[in-house]
Every structure is written in C-alpha cells, then in structure tokens.
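# Coordinates in review
Here's the letter readout for the chains.
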Amino acid sequence: MGSATQPPRGAAFLDRDGVINHDDGHVGQIARFRWIDGAREAVKLCNDAGLYVFIVTNQSGVARGKYTETDVHVLHEFVRGELAIAGARIDDIRYCPHHPEAEVPVYRRACDCRKPEPGMLLDLLRCWPVDRAASFMIGDQERDMQAAAAVGIAGHRFYGGNIAEFVARVLASRR
C-alpha cells in the first residue's frame, strides 16, 4: 500500500471486465480470461507515466455462485504475474462480490462498493496518496463513469478496440 509520506500522484483506475479482459460474462477463472488487445501495454504506459494503477471491478459472479472469492484472488494474481512479465504493474485491486439479488445469501446486499457506488475508489483514495486532479477512470460501462464522477475524477469510456491506443490518447490529453 501507499505511504502517507509519499507525495501524492495521479492514478489510473481501471475497470477489469471490458477494459483489461474481454467481458465474456462472469470471468472468474484463468481458463476464461482473455486479454483485451493492448492491455499489458496500456498498464505499462500508465506505469511509465508515473501513475498508480488500480483495478476496480464488480464481481457479481461470486454473489451468483459462479465462482468464489478465492477464484477472484487466484485470477488477479495471474493477471499481476502476466503483467510483471511484460514489465507492467498493478499497484492495488479492489473488487465487489456483492449483488442485491445474489443467489448466495451472504453476498445478497446493496453496498457502497458496487459500482456505480464509489466505495472501491474511495477506499483506494484513503489507502494511497492520490492526486485526484491528476487521476482518471477507464471503464466500459456508464456505472464506471458514475463512480468516477462521484469521487471527482475524470472518466473515460472505452468502447472496445486496442486499449493501449486508447490509454495513449487519454495520457496525451492530460499534458
């Protein structure tokens, strides 16, 4: 985690499904994970720009009984390992396993962490010295943009294609 003694810096908050990997519906296992074109390069571009890189992802597949929280952790460690091979790094990850209509009772609730609620972003902002004015969120859904707006950071909606090219444009627009 970040240190309060570090000077604040910008952060890239990235949705996972639809931004890092293809959203094939409840991707909770490595066997179902398919990288979006340019995802590894996109993360490295953010690293090289001096940004923290965070993943913030709704994972209702846990609440629906499609996979477990352990599966989510295993998948995220796989992602981190694959990114490390490419010289890229995710600084931290938050995920929401809840859903108000969950099949698994322990996860059945409306919470403040499920996007569009900003709880995951707020938690990262509490844990890391982030400069909000120099930060942004990239997501493929309106709920991602709503979460970004709720914490006062720019939101950029990704509609598909090569995410590295998209990130390069976002980074260029910040100069």
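See the structure above.
Structure report, in brief. (Residues numbered from 1 in each chain as written. Predicted model: local features only at pLDDT ≥ 70, side-chain atom pairs only at ≥ 80, totals over all residues. Heavy atoms only, no water.)

Spatially, five strands are ordered β3-β2-β1-β4-β5 in an open sheet, and the strand pairing comes out parallel. Each having just a single partner strand, β3 (92-96) and β5 (154-157) make up the two edges of the open sheet. With strand direction ignored, the average angle separating the axes of adjacent strands in the sheet is 20 degrees. Against the sheet, helix α1 (residues 39-48) makes contact with β1 (11-14), β2 (52-58) and β4 (136-139), and its axis sits at roughly 135 degrees relative to β2, the strand it touches most. Packed onto the sheet, helix α3 (residues 69-85) meets β2 and β3 and runs at close to 150 degrees relative to β3. (Pairing = 2+ DSSP bridges. Helix = DSSP H or I, 4+ residues; strand = E, 2+ residues; numbered from the N terminus. Axes fitted to C-alpha atoms, helices over the stretch in contact; angles between N-to-C directions. Contact = heavy atoms within 4.5 Å.)

Each pocket or cavity is described by its volume, and for the largest pocket that value is around 220 Å³. Lining the largest pocket are 17 residues; nearest its centre among them are D17, D23, N58, S60 and R143. Of all the elements in the fold, those that place two or more residues in the lining of the largest pocket are β2, α2 (60-63) and α5 (142-151). Of the residues belonging to the lining of the largest pocket, the class tally is one nonpolar, eight polar and eight charged. (1 Å grid on protein atoms, 1.4 Å probe; cavity = no way out; pocket = protein on both sides within 12 Å on 5 of 7 lines; lining within 4 Å. Points joined across faces, edges and corners; volume = space filled by probe spheres on them. Nonpolar A, V, L, I, M, F, W, Y, C, P; charged D, E, K, R; others polar.)

One pass over the full model with this rule turns up seven aromatic pairs. Taking the centre distance of 5.8 Å and the plane angle of 15 degrees together, the rings of Y52 and F54 count as stacked. Comparing Y52 with F54, the two get one shared label, buried. Aromatic side chains F54 and W128 sit 5.5 Å apart centroid to centroid with 55 degrees between the ring planes, which places their arrangement in the tilted category. Taken together, the residues F54 in strand β2 and W128 in the loop between α4 (119-127) and β4 connect sequence positions 74 residues apart. For F54, a relative accessible area of 0% corresponds to the buried category. Within the aromatic cluster, the residues linked to one another by ring pairs are F13, Y52, F54 and W128. Over the ring of Y52 we find R9; its NZ or CZ atom is 3.8 Å from the centre of that ring. (Phe/Tyr/Trp six-rings, centres within 6.5 Å; stacked < 30°, edge-to-face > 60°. Buried < 20%, exposed > 50% of the residue type's maximum accessible area, 1.4 Å probe, protein only. Lys NZ or Arg CZ within 6 Å of the ring centre and 35° of its normal.)

Bringing unusual backbone geometry into the picture now. A cis amide bond links K115 to the next residue, P116, at an omega of 25 degrees. With respect to the helices and strands, P116 occurs in the loop between β3 and α4. Backbone geometry at H26 places phi at a positive 55 degrees, although glycine is not the residue there. Topologically, H26 is positioned in the loop between β1 and α1.

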